[in-house]
Protein chains: 2
Amino acid sequence: MDNFEFHNHTKILFGKGQVSSLKNELPAYGNRVLLVYGSGSIKKSGLYDKVIRELKEIDATVIELAGVEPNPRLTTVNKGINLIRENQLDFILAVGGGSVIDSAKAIAAGVPYDGDVWDIITSKAKAPSNSVPIGTVLTIAGTGSEMNGNSVITDWDTNTKAFFNSNHVLPRFSILDPELTFSVPRDQTVYGSVDIMAHVFEQYFHASSNAPLQERIGEAILSTVIETAPKLVNELNNYEYREVMLLNGTLALNGLTVMGVNPDWATHLIEHAVSAVHDIPHGGGIAIIAPHWMEHVASVRPEKVAQLGVRVFGLDKAGKTDAELAAETIQSLREFWKSIGAPTKLSDYGIDDKEIELMTERAMLAEQIGNYVPLTKEDVRKILRNSL
Amino acid sequence: MDNFEFHNHTKILFGKGQVSSLKNELPAYGNRVLLVYGSGSIKKSGLYDKVIRELKEIDATVIELAGVEPNPRLTTVNKGINLIRENQLDFILAVGGGSVIDSAKAIAAGVPYDGDVWDIITSKAKAPSNSVPIGTVLTIAGTGSEMNGNSVITDWDTNTKAFFNSNHVLPRFSILDPELTFSVPRDQTVYGSVDIMAHVFEQYFHASSNAPLQERIGEAILSTVIETAPKLVNELNNYEYREVMLLNGTLALNGLTVMGVNPDWATHLIEHAVSAVHDIPHGGGIAIIAPHWMEHVASVRPEKVAQLGVRVFGLDKAGKTDAELAAETIQSLREFWKSIGAPTKLSDYGIDDKEIELMTERAMLAEQIGNYVPLTKEDVRKILRNSL
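Residues numbered from 1 in each chain as written. Chains lettered and ligands numbered in written order. Predicted model: local features only at pLDDT ≥ 70, side-chain atom pairs only at ≥ 80, totals over all residues. Heavy atoms only, no water.

The name an unreviewed UniProt entry gives chain A is NADH-dependent alcohol dehydrogenase, with Paenibacillus glycanilyticus as the organism.

### As for the domain arrangement of chain A
All names here are of chain A. Domain boundaries assigned for chain A yield domain 1 (11-181) and domain 2 (186-387). Summing both sides of the interface, domain 1 and domain 2 together bury roughly 2200 Å²; the carbon and sulfur share of this comes to 61%. One can count 1 salt bridge joining domain 1 with domain 2. At the surface where domain 1 touches domain 2, the tally comes to 11 residue pairs in polar contact (both at pLDDT 80 or more). For the side of domain 1 that touches domain 2, the elements supplying multiple residues, two or more each, are β2 (11-14), β7 (150-155) and β8 (160-165). Classifying every residue of the side of domain 1 that touches domain 2 by side-chain character gives 11 nonpolar, 12 polar and 6 charged. (Domains from an automatic or database assignment. Buried area = accessible area lost by both parts, 1.4 Å probe. Salt bridge = Lys/Arg side-chain N within 4 Å of Asp/Glu carboxyl O. Polar contact = N/O pair within 3.5 Å; in protein donor to acceptor, adjacent residues only side chain to side chain. Helix = DSSP H or I, 4+ residues; strand = E, 2+ residues; numbered from the N terminus. Nonpolar A, V, L, I, M, F, W, Y, C, P; charged D, E, K, R; others polar.)

### Details of the nonpolar core
Soluble globular proteins tend to pack their nonpolar side chains together in the buried interior. Core analysis: the biggest nonpolar cluster contains 226 residues, and W337 of chain A together with W337 of chain B have the highest contact counts within it. Apart from the residues within four sequence positions on either side, W337 of chain B is in contact with V194, M197, F201, I286, A287, A290, P291 and A342 of chain B. (Core = buried A, V, L, I, M, F, W, Y, C linked by side-chain atoms within 4.5 Å. Buried < 20%, exposed > 50% of the residue type's maximum accessible area, 1.4 Å probe, protein only. Contact = heavy atoms within 4.5 Å.)

### Points about the sheet that holds strand β4 (residues 61-65) of chain B
Reading across from one edge, β1(A)-β2(B)-β9(B)-β6(B)-β5(B)-β3(B)-β4(B) is the order of the 7 strands in this open sheet, with mixed pairing throughout. The strands lining the two open edges of the sheet, one partner per strand, are β1 (4-6) of chain A together with β4 of chain B. Averaged over all pairs of adjacent strands, the angle between their axes in this sheet comes to 15°, without regard to strand direction. In this structure, strand β5 (residues 91-96) of chain B lies alongside strand β6 (residues 134-138) of chain B, joined through 5 bridges in parallel fashion. (Pairing = 2+ DSSP bridges. Axes fitted to C-alpha atoms, helices over the stretch in contact; angles between N-to-C directions.)

### Considerations on the relation of the copies chain A and chain B
Between the two copies, chain A and chain B, the superposition gives an RMSD of 0.0 Å; the rotation angle is 180° and the shift along the axis is 0.0 Å. What the rotation and shift describe, once combined, is the action of a two-fold rotation axis. Distance from the rotation axis, computed per C-alpha, reaches its smallest value in chain A at H9 of chain A: 2.1 Å. Most of the interface of chain A is mirrored in chain B: 100% of its interface residues are interface residues there too. (Least-squares fit on C-alpha atoms with pLDDT ≥ 70 in both.)

### What about the UniProt feature "domain: Fe-containing alcohol dehydrogenase-like C-terminal" (unreviewed entry) in chain A?
Under the present numbering, the feature "domain: Fe-containing alcohol dehydrogenase-like C-terminal" (unreviewed entry) in UniProt falls on residues 189-387 of chain A. Span residues 189-387 of chain A is 65% helix and 0% strand, its end C-alpha atoms 22 Å apart. (UniProt positions renumbered as here; feature names shortened; annotations may be inferred.)

### What about the packing of helix α7 (residues 186-204) of chain B against helix α9 (residues 239-252) of chain B?
Residues and elements named next belong to chain B. Here α7 crosses α9 at 35°, and the two axes come no closer than 9 Å. Crossing hand, α7 versus α9: left-handed. For the pair α7 and α9, the contacting residues are T189, S193, I196, H199, V200 and Q203 in the first and R242, M245, N248, G249 and A252 in the second. For the contact of α7 with α9, the class distribution of residues is 4 nonpolar, 6 polar and 1 charged. (Left-handed = near helix turned anticlockwise from the far one by under 90°.)

### Brief notes about the UniProt feature "domain: Alcohol dehydrogenase iron-type/glycerol dehydrogenase GldA" (unreviewed entry) in chain A
The sites that carry the UniProt feature "domain: Alcohol dehydrogenase iron-type/glycerol dehydrogenase GldA" (unreviewed entry) are, in the present numbering, residues 10-178 of chain A. What you have in residues 10-178 of chain A is 30% helix and 24% strand, and the ends, taken at the C-alpha atoms, are 18 Å apart.

### As for the packing of helix α14 (residues 356-363) of chain B against helix α15 (residues 377-387) of chain B
All names here are of chain B. For the pair α14 and α15, the least separation of the axes is 9 Å and the interaxial angle reads 130°. Relative to α15, α14 is oriented oblique. Between α14 and α15 lies a crossing whose hand is right-handed. Across the interface between the two elements, I356, E357, M359, T360, E361 and A363 of α14 pack against K377, V380, R381, L384 and R385 of α15. In terms of residue class, the contact of α14 with α15 is made up of 5 nonpolar, 1 polar and 5 charged. (Parallel < 35°, antiparallel > 145°, perpendicular 65-115°, else oblique.)

### Things to note about the packing of aromatic side chains
Following the criterion strictly, the structure yields 20 aromatic pairs over all chains and no others. A ring pair is formed by F205 of chain B and Y372 of chain B, whose centres lie 5.3 Å apart and whose planes are at 65°; its orientation type is edge-to-face. Highlighted residues: F205 of chain B in the loop between α7 and α8 (212-233) and Y372 of chain B in the loop between α14 and α15, separated in sequence by 167 residues. According to the relative accessible area criterion, F205 of chain B is buried, its value standing at 0%. Judged by relative accessible area, Y372 of chain B falls into the buried class, the value being 4%. Grouping aromatic residues by their ring pairs yields a cluster made of F201, Y204, F205, W293, W337 and Y372 of chain A. When the ring centre of Y204 of chain A is taken as reference, the NZ or CZ atom of K304 of chain A above it lies at 5.5 Å. (Phe/Tyr/Trp six-rings, centres within 6.5 Å; stacked < 30°, edge-to-face > 60°. Lys NZ or Arg CZ within 6 Å of the ring centre and 35° of its normal.)

### Focus on the pattern of salt bridges
This structure, assessed with the given rule, holds 29 salt bridges over all chains. Between D352 of chain B and K354 of chain B there is a salt bridge, with the nearest N and O atoms lying 3.1 Å from each other. Of the residues examined, D352 of chain B reaches a relative accessible area of 35% and is grouped as partly exposed. The exposure class of K354 of chain B is exposed, given its relative accessible area of 67%. One salt bridge in this structure joins R385 of chain B and D353 of chain B, with 4.0 Å as the shortest N-O distance. Of the two residues, R385 of chain B is situated in helix α15 and D353 of chain B in the loop between α13 (322-339) and α14; the sequence distance between them amounts to 32 residues. For D353 of chain B, a relative accessible area of 43% corresponds to the partly exposed category. The network of salt bridges with shared partners includes E5 of chain A together with K11 and E25 of chain B.

### So, the environment of V33 of chain A
Take V33 of chain A: it is sitting in strand β3 (residues 32-36). Taking the C-alpha atoms as reference points, V33 of chain A and I63 of chain A, separated by 30 residues in sequence, lie 6.3 Å from one another.

### Brief notes about the sheet that holds strand β6 (residues 134-138) of chain A
Read from one edge to the other, the open sheet built from 7 strands follows the order β4(A)-β3(A)-β5(A)-β6(A)-β9(A)-β2(A)-β1(B), with strand pairing classed as mixed. Only two strands of the sheet have a single partner each, and these edge strands are β4 (61-65) of chain A together with β1 (4-6) of chain B. The sheet shows a mean angle of 15° between the axes of neighbouring strands, taken without regard to direction. With respect to the sheet, helix α4 (residues 74-87) of chain A is in contact with β3, β4 and β5 (91-96) of chain A, its orientation differing from that of β4 of chain A by roughly 160°.

### A closer look at the interface of chain A and chain B
Taken together, the contact pairs 38 residues of chain A with 38 residues of chain B. Counting each side, the surface lost to burial between chain A and chain B is near 3400 Å², with a carbon and sulfur contribution of 61%. Where chain A meets chain B, there are 4 salt bridges. R216 of chain B is the salt-bridge partner of E227 of chain A, the closest N and O atoms lying 2.9 Å from each other. Here chain A and chain B share 18 residue pairs in polar contact (both at pLDDT 80 or more) between them. With 10 residues, helix α8 (residues 212-233) of chain A is the single largest residue contributor to the side of chain A that touches chain B. Taken together, the residues of the side of chain A that touches chain B break down into 18 nonpolar, 13 polar and 7 charged.

### Re unusual backbone geometry
Positive phi, normally seen in glycine, also occurs at N159 of chain A, with a value near 50°. With respect to the helices and strands, the residue N159 of chain A is situated in the loop between β7 and β8. Located in the positive-phi region is Q88 of chain B, a residue other than glycine, with phi close to 45°. Mapped onto the elements of the fold, Q88 of chain B is located in the loop between α4 (74-87) and β5. On the accessibility criterion, Q88 of chain B (63% relative accessible area) is exposed.

Okay, here's the thing in structure tokens:
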């Protein structure tokens, strides 16, 4: 392991009816609130009314930032920053999924920052320690944003998706009620499951040594997704499946499995480049790219792909080389994702080879990306071509 | 799952040389420090000098409470409370293992409390929210006390071991340097490994439903202990084995695997009764009692004992009943613990049947103890008799 610091102080309030904790949690931070949400599905589901009732009970002043997009935009972030400054608000309540929470984080960091918030989002400047405190009410399992300091924002003027990470924007509390995820449609539920698995992969394929416990915890999450997702996609209102998937999503990206290891993240960088050029769902893009990424990895270092197959997909290793096992692993992964209804190629989204160069360009944040098997520009181009 | 709240805000500083973080972490809490430690092995190892150098760098005033016992005593806790009150100290630095940290927690809670600290230790009163802040430098893997709010203290006047749990005594930071555990002798290393496994068992055998992820994370910890402990006990100065075991211990009891489930803890209650009457090492007592407890459990509910055997001990389940698998699981556990040198019966410590009634009495904190399979007084007596 590498030396590491772990300090995840988000308070998780998990289970049925936890929205009613809002009135207890919020007052510690003030009562002038920016309420951030997305398309308005929280109005249809009745969650909006519940949240407003809680806020009224503590006489909160509420300013709303509605309409946060699925791949959230820099323009929206700037809107939020202005709302907080103009109205002197002291807390951000993000009600929604990853994009809503990610936007809240960028807003939180941008408010006390003198320059352009894009500096922070692109990690050129650090998030200030006096970032505005955030709380979340989660409505979709997947991104893990409810218990980490990550934020991914897109500047659509330049087709650039960027991200930052800071403990200063870690949610102070997050409310995770499985019932609030009942309204997530089947396709989004699939994307969430794919994203959770991909988060584990990014950390499982690390460039460090001697992390058997972290790897096994990753395998525990993967096995549980593989057991639960097929049942869940056929029974979207099942509380037990929803609660398991919700916890899977949170633990997949809260710092637990990355303790002491240097993670990869190449797959996400490539997908971010795709969805910064074509506005497709992140989980859908991941389902397409990850197997091609894994094929490249297996051609260089097959051993951990093989381990994944044996431990998670139950492959029998007797008499097989790592390369053979790795090929079977990737086949198993493809079959699993296909079985729950994930897309398999970029053309499923109508994407052809026209923008391959732009996407390749956007993915290359450095000479090489990824850490387990570093990728050159040529590797990335090949992975994208194979994904078409 | 049951509804749950998870809020573990301990900052973990893990790895070689992390003691030098002390001077950065401490000043946030003041510089009048009660330094708590045990038998003096930290003086032999040079750790004491390192810590004192750090404290000097920030001009700390240091008062010492040395000589904390392996099964720490109420008298020691009261001594610490008086030292803090008399010297108006504002921070407790616990340098040692579980008993040192547990003592620090009881002291921390006792200082601002008007009554007898025993009220808090026996959970009759709550730990005050203004408990004195604590930091730790861990020197032995096992108890998990470095990242939880648990404390176990013994009143030797009445042979009573009691415990409490409060987030108000959760360490603010814990320094985990694997090299600091090199000096732990072989027997203590074995006890730590046993204790870690037993912590997983207490939460794995829970009285709730639908917690597949928590169970798999428990299995991940168990598998990693089983892989690492036999190598470690034969190579006590191996950094890689020590770092894995250190992380095992912390994650086994930091709230992770108990999310949303009602844990058992009967084995610990029985062992606490044994070591409150006979001053034996906790991990040694656990190694003796746990298999007999598990036999009782298997006679009532064999299915999860069977699952443990299949997933962790690699048993082949083909054609076997749960009861048969459970018997094999317990046999595997016994063999494993014996192979690393753990004791197998109370007579190994010279304990005979004379105090069976007193120990049974002390274990019965209620009409029945434990939650997965609640135990009557008769059950406990039987488990103790079988352990002789």
